[in-house]
Amino acid sequence: MDIYNQVTAQGDKIEYKSQTGQEYNKDVLPGDSSGAPAAAPKQDLVTPWDVEAADDEIDYDKLIERFGSSPITPELLERCERLTGKKVHRFLRRGIFFSHREFEQILDLYEQKKPFYLYTGRGPSSQAMHLGHLVPFIMTKWLQDTFDVPLVIQLTDDEKFLWKNLELEECEQLAKENSKDIIACGFDEDKTFIFSDLNYIPSSKAFYWNMKRIEKSVNYNQIKGIFGFGDSDAMGKISFPAIQAAPSFSGSFPQIFNGNLDVPCLIPCAIDQDPYFRMTRDVAPKLKPPGLPKGAKGLRKPALLHSVFFPALQGSKTKMSASDATTSIFLTDTPNEIKKKINKYAFSGGQVDVETHRKLGGNPDIDTSFQYLKFFLEDDEELAQIEKDYRAGNLLTGEIKQKCIACLQELVKEHQERRVNATPEKVQDYWAIRKLKYDFPDPPKIEEKSGKKEKKRGGAKNQK
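Residues numbered from 1 in each chain as written. Predicted model: local features only at pLDDT ≥ 70, side-chain atom pairs only at ≥ 80, totals over all residues. Heavy atoms only, no water.

- Where an unreviewed UniProt entry is consulted, the protein appears under the name tryptophan--tRNA ligase, with the organism given as Oikopleura dioica.
- Regarding the protein, the UniProt comment filed under Sequence similarities (unreviewed entry) reads as follows: "Belongs to the class-I aminoacyl-tRNA synthetase family." (UniProt positions renumbered as here; feature names shortened; annotations may be inferred.)

## Quick word on the overall build of the protein
Here is step 1: The number of helices and strands found in the protein is 20 helices and nine strands.
Here is step 2: A sequence separation of at least 24 residues applies to 76% of the contacts in the protein between residues at least 6 apart.
Here is step 3: Of the accessible surface of the protein, which amounts to about 22900 Å², a share of 50% is contributed by carbon and sulfur atoms. (Helix = DSSP H or I, 4+ residues; strand = E, 2+ residues; numbered from the N terminus. Contact = heavy atoms within 4.5 Å. Areas by Shrake-Rupley, 256 points an atom, 1.4 Å probe, with all protein chains shown as cover.)

## Examining the side chain of Ser179
Here is step 1: Within the fold, Ser179 resides in helix α8 (residues 168-183).
Here is step 2: By relative accessible area, which is 0% here, Ser179 ends up buried.
Here is step 3: Filtering out sequence-adjacent residues up to four positions away, Ser179 remains in contact with Leu155, Ile194, Val427 and Trp431. (Buried < 20%, exposed > 50% of the residue type's maximum accessible area, 1.4 Å probe, protein only.)

## Structural notes on the packing of aromatic side chains
For any two aromatic rings, the description comes down to two numbers: the centre-to-centre distance and the angle of the planes.
Here is step 1: For the structure on display, the rule yields 29 aromatic pairs.
Here is step 2: An angle of 85° between the planes, with centres 5.9 Å apart, marks the rings of Tyr119 and Phe277 as edge-to-face. Of the two residues, Tyr119 is situated in strand β5 (residues 117-122) and Phe277 in helix α14 (residues 274-283); the sequence distance between them amounts to 158 residues. Of the two residues, Tyr119 and Phe277, both sit in the buried class. (Phe/Tyr/Trp six-rings, centres within 6.5 Å; stacked < 30°, edge-to-face > 60°.)

## Regarding the pairing of β5
Here is step 1: The buried fraction of β5 is high, at five of six residues.
Here is step 2: As judged from the two bridges shared by β5 and strand β8 (residues 265-270), these two strands associate in the parallel manner. Residue pairing in the sheet places Tyr117 in a bridge with Cys265 of β8.
Here is step 3: Pairing between β5 and strand β6 (residues 151-155): five bridges, direction parallel. Within the sheet, the bridge partner assigned to Thr120 lies in β6 and is Ile153.
Here is step 4: Once the chain exits β5 it traverses helix α6 (residues 131-147) before rejoining the sheet at β6, and the crossover so formed is right-handed. (Pairing = 2+ DSSP bridges. Right-handed = clockwise from strand over helix to strand, strands pointing away.)

## Observations regarding the sheet that holds strand β7 (residues 192-196)
Here is step 1: The strand order β3-β4-β9-β8-β5-β6-β7 describes an open sheet built from seven strands, whose pairing is mixed. At either margin of the open sheet sits one strand with a lone partner, and together these are β3 (70-71) and β7.
Here is step 2: Pairing of β6 with β7, which is carried by five bridges, proceeds in the parallel orientation. When the sheet's bridge partners are listed, Ile153 is paired in β7 with Ile194.
Here is step 3: This element, helix α20 (residues 424-431), spans β6 and β7 of the sheet and lies at about 100° to β7. (Axes fitted to C-alpha atoms, helices over the stretch in contact; angles between N-to-C directions.)

## What about the confidence of the model for the protein?
Regions with low pLDDT carry predicted coordinates that are not meant to be interpreted in detail.
Here is step 1: For the protein, mean pLDDT is 88; residues scoring 70 or higher make up 84% of the total.
Here is step 2: Predicted confidence is poor over residues 26-36, with pLDDT under 50, and the contacts of this stretch with residues over four places away or in other chains come to 27 contacts.
Here is step 3: Low pLDDT, under 50, characterises residues 460-464; the predicted model gives this stretch one contact beyond four residues in sequence or across chains. (pLDDT = per-residue confidence, 0-100.)

Quick look at the structure:
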């Protein structure tokens, strides 16, 4: 039965309608209502390629319900702090990472001193990354430092070749340039493997074979139902989800995990990437390559941490675009460019004039400058005071913008200083296929299947 016809209560089975809020139509991509029948009340559209709020902003509580994930609770954060002895990252404290799949099992592993690894990625479609692109890497850096685990970072340059008007050579070069920004986030070279799909996959039999296993386990109707591919889509797009799924399994990196196939994986990502990993979690138990530990029921499902979306300068109703410099702050922006963008384009939650603002106060929930401070200002008490003063009308729009400008100028300046050291040679060091600092035991030996027993030939004369 086609997956979009199944009725499923859990998040590991993916339905097109629950993903996009519209009935499946093979000729209509997500978000395109042309030719589609009249639909029920509009839902938030959240797919790997399109994000559109039905109202003023995305309803993340409803997304949790629709996607079948779990909210990150205070109890879960308290347990994380108790086990690690560290205060959880501001992204977790402030609900920026708000949803998860089986993060409690990752904490179980840490408590039991058992290994796991991190996996995140980037689709390199432009030379310059913007602040929103930093969010998963900032979170991943904290996770790596806190739990002391290996990290793999996938650069899907092959995906951008399929979806964008770019040549292969351009995609590879963009992957190298984006690697510099990723390295500038401070990842430990001895614990981190950054790989370009265009470079790593042709050299890794293990990765390629996992891709093939995944491709064989998901049929076309399922992929069509999950991602909304149409009959005119390039065949490479249809098979790409297997490439993004493969790093979820430790067997794709034998040089790091010594051939062990069952090292669990934690993936920090934005919620729009969840369709890939819901598919991955659905298919994992079906994958039973030789070398699994005795009693294993397929490969392990990856755990996930989901983040909210980083708002465009013009507010949550506007989509950020790497091709439109006015929609975000880029990591290449000068201090003056940052100042001009915030002052000119940052959506305000203030009132129409000073007198009204002093009387009624501002709305930080829709104010872009405050939202950026929520992401990047470390001090919780200072942030709380800014919010209180803004709501009370004691802090004006221009004043909160100045605080935001100062915060972002410092953040981008420090990033640019670190990026200078991310030379082409350093990029190749991170790209090198190699063992990381961690030692893993030898995997179970693969037992060779014995051949069929030969039948005895002959009749009664050969029997004694």
